[in-house]
Each structure stands twice: as C-alpha cells, then as structure tokens.
Amino acid sequence: MARTTRRDFLLGTASLIGTPLIAPSIIRAASFDNDFFQSQWRYCDKCAVLFFNGFPAKGTCSAGGAHNAYGFEFELPHGNQLVETEKAQANWRYCGKCFSMFYDGFPDKAKCAAGGGHAAQGFKFRLPHDIADDGKNQTEWRYCQKCHVMFYNGFPGKGRCAAGGAHSAYGYVFVLPHGNPPDLSIRTNVTTSGWAPIGGWLQVDVHSSGDFSFAGHIHNSGAVNIRYTLAAVLITPSGQSFGFARNAHRVDGTQTLIDRNRDDNWNSNGNDIDIMRNWDQVSRAQLQYRLVAADTITTGIEKYLFDFTVETFQKLTQAATSHPLTKFYMKLLQTI
Ligand SMILES: [Zn+2]
Ligand SMILES: [Zn+2]
Ligand SMILES: [Zn+2]
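Calculation rules
Residues numbered from 1 in each chain as written. Chains lettered and ligands numbered in written order. Predicted model: local features only at pLDDT ≥ 70, side-chain atom pairs only at ≥ 80, totals over all residues. Pairing = 2+ DSSP bridges. Helix = DSSP H or I, 4+ residues; strand = E, 2+ residues; numbered from the N terminus. Axes fitted to C-alpha atoms, helices over the stretch in contact; angles between N-to-C directions. Buried ≥ 20, exposed ≤ 12 C-beta atoms within 10 Å, placed from the backbone. Core = buried A, V, L, I, M, F, W, Y, C linked by C-beta atoms within 7 Å. Contact = placed C-beta atoms within 7 Å.

Visitor: I'm lost on the sheet that holds strand S6 (residues 120-128) in this one. Help?
Guide: Across the sheet, which stays open at both edges, the three strands sit in the order S5-S4-S6 with antiparallel pairing between neighbours. The open sheet has two edge strands, strand S5 (101-103) and S6, and neither has a second partner. Across the sheet, the mean angle from the axis of one strand to that of its neighbour is 40°, orientation sign disregarded. Bridge analysis of strand S4 (residues 88-95) against S6 gives six bridges, and the strand direction is antiparallel. By the bridge assignment for S6, Arg93 is matched with Lys124.

This is the structure we're talking about:
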C-alpha cells in the first residue's frame, strides 16, 4: 500500500496545477509552500470531533461549552486545486459556527452543535484515507453519518454527537497527518547562592510520549563534606509543573582522606502520562532549580518543591501578565 506523505500531497498538487496557464516558477513556489497545510486542527476530548483551535474562541461543543484541545496538532492539506483521488476525499470544510471539520459534499448540512446546519467557511480540505498510519499520521478518524463531522473513533466512547447520542462511523477510514512537537531538552549549569563550594550541571529531557529523564552532576571543590539537595521543576505556561529532586546526597571535600568522592552523578528515567496529555504545554515549559544544603530542608522534599514551584510560578506569571492559577499543580515525578 502506498504511504501518502506530505511530499506526495505536494507533488500531487504540483501535477494538478501544472498547466500551461501557470508559470513554472509559481508552480514550484506554491507546490512546496507550507501554506497548503493548515495547522491548529485538534481533537476535542469532550465531543471527539476534529476542530480548529486557532482562534481565541473554541467553537461550540455538543458536550456543552466550547471544544477542548487534546493530543496531536494536525496539519491538514487544502487548496482550491485539490481534486479527489482514490486515497483522498475532497469537500471537507471548516464550519464557522461550531468550528469542526465537516463533510460538505451533500446538500443536507446535517446538525451543527451551534444550531441549524453546518456552515462552510475558508479553505477546501482534501483528507487522506485508507493509507498506512505511522508516527506522523493517525488513523481511526471517521465521518459521522449523523452530524457529518470528522470524529476520532479510536476510543471505546464515540464522543457526543450534535444529532443526539454518540457519533456513528461510516465510510472511509481517514489517516490524518500531524506534526510532532520537538522534544524538550534543557540543560543548565547549577550553582548555589549559599556558602557551599559545590556546583555542576542539570539536564531534563521530556518527550511527547511521556518519557522523561533527569540527569546531572555535582562536584565539591571545597574542604568540607557537604550533603546537598537539588530541587528542579519544569513549569508550563499554564502552571502544570513536574518536579525532580536529587535529595540528600553527599559530595566529599578534601577533609575526607580515604575513599573520597567529590562527585555525584545520576541519570534516571521514567514515563508519566500527564506529560503526554499536556504535551503542548510541557513542550513550552521552563526549568527552574534550587541547590541547597540538605539539612536546610525541614518540611520534606515534596513540600519544599511545591513551595518553590508556587513561588517561582508567581514570579514568572507576574512578569508576563495576570494569569489565572486554574491549572496550577506540582507533580513530583522523581526523588532519587
Ligand atoms: Zn467538542
Ligand atoms: Zn457546525
Ligand atoms: Zn456525530
């Protein structure tokens, strides 16, 4: 089975518009232009439809209120010249009332969550179906024969249909291309503002799959043995935070004569579902840390990290704008 990639779409477009009426230079520019894909299409975890998330308002959700984006960001092919092929269906449109992607190929515009029928606006999409899925193309997107929207059929629950009950899959199995946000990798040198002559580096890596790693190195360049704690936290723009701690580890100073160990190294991995679920936030997180003598922490490491996170988040958000604290939390992922 042919795997349809972004390039195939673009090349397909090029051959379709490659008529003598259009200058070759324009064909090339247009064919390889990202403008033929629109991003910001998302899955709504309330009603299960594909909706456009690029406006401040989030449309009308049949499960009540506005849509709520979850998971991948889809990048969908569109253009006035995109005709239907065996593996890609045209006539998919954005509904300006409910913001969902719906099939506009029938005279009947079905039921819109915002009342009446759907109302097509903007780009004309041509969506791939019955091709192989992979890490960049998600399958199980289906047409709902009741409300005519594109919805995700891959979960046991079939969402909420504007025509009543759950969506009902019919016809092609669509496979939609999505961007993979880049992994987040932050490395920083660490020092202490206190008296202790210790320092080193810290690195946190997170992936859209939820995989994470917490690694670092601390060195004691002084005379006295030191037991230290390094508290680190990833803080997302909306306040979901993920904590890591290297707690109460000793690095020896020159006072230790036998089996002296001036360095502490670690590299520890894990996976957390909240990283995956909040990936669009996590991928924009900042890393903050504090390196202290371990005996200065009297409240317990989790409480210490929580207080540090609250304080830091308040500083960050005051510096930006007034920001609601609605989504704030601190989840301690690792204490090692
Ligand atoms: Zn919705
Ligand atoms: Zn609609
Ligand atoms: Zn439906």
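Visitor: Would you mind showing me how to read unusual backbone geometry here?
Guide: Across the chain, the bulk of peptide bonds are trans and the bulk of non-glycine residues have phi less than zero. One non-glycine residue, Phe99, lies in positive phi territory at about 75°. Secondary-structure assignment places Phe99 in the loop between S4 and S5. Phi at His148 takes a positive value of approximately 70°, unusual for a residue other than glycine. By the element assignment, His148 lies in the loop between strand S7 (137-144) and strand S8 (150-152). Owing to 25 C-beta atoms within 10 Å, His148 belongs among the buried residues under this scheme.

Visitor: Even after reading the chapter, I still don't get the nonpolar core, so can you show me in this structure?
Guide: Note on soluble globular proteins: their nonpolar side chains tend to be buried together. In this structure, Val49, Leu50, Met101, Val149, Met150 and Phe151 are the most contacted members of the largest nonpolar core, which totals 43 residues. Residues contacting Val149, with those up to four places away along its chain left out, are Val49, Ser100, Met101, Phe102 and Cys144. By size, the runner-up hydrophobic cluster in this structure holds 33 residues, among which are Ala196, Ala232, Trp279 and Met330.

Visitor: Is there a simple way to explain the pairing of strand S13 (residues 226-235) in this structure?
Guide: One face of the sheet, then the other: side chains in a regular strand alternate in exactly this way. Where burial is concerned, most of S13 is hidden: nine out of the 10 residues are buried. Where S13 hands over to strand S14 (residues 240-251), the hairpin turn is made up of four residues, of which Gly239 adopts a positive phi near 105°. Relative to strand S16 (residues 286-293), S13 runs antiparallel, the two sharing eight bridges. Note on S16: the bridge partner recorded for Leu230 is Leu291.

Visitor: Explanation requested: the environment of Ala285 in the structure shown.
Guide: With respect to the element layout, Ala285 can be found in the loop between helix H4 (279-282) and S16. Separated by 49 residues in sequence, Ala285 and Thr236 have C-alpha atoms that sit 4.1 Å apart. Residues contacting Ala285, with those up to four places away along its chain left out, are Leu184, Leu234, Ile235 and Thr236.

Visitor: In this structure, what is going on with the sheet that holds strand S2 (residues 50-52)? I would like to understand it.
Guide: The strands making up a sheet associate through backbone hydrogen bonding, with each pair oriented either parallel or antiparallel. With antiparallel pairing, six strands are arranged side by side in an open sheet as S2-S1-S3-S9-S7-S8. At either margin of the open sheet sits one strand with a lone partner, and together these are S2 and S8. On average, adjacent strands in this sheet sit at an angle of 55° to one another, irrespective of strand direction. Examined bridge by bridge, strand S3 (residues 69-77) and strand S9 (residues 169-179) share two bridges and lie antiparallel to one another. Paired with Glu73 across the bridge in S9 is Gly179.

Fair warning: the whole summary comes from geometry, so function is off the table for now.
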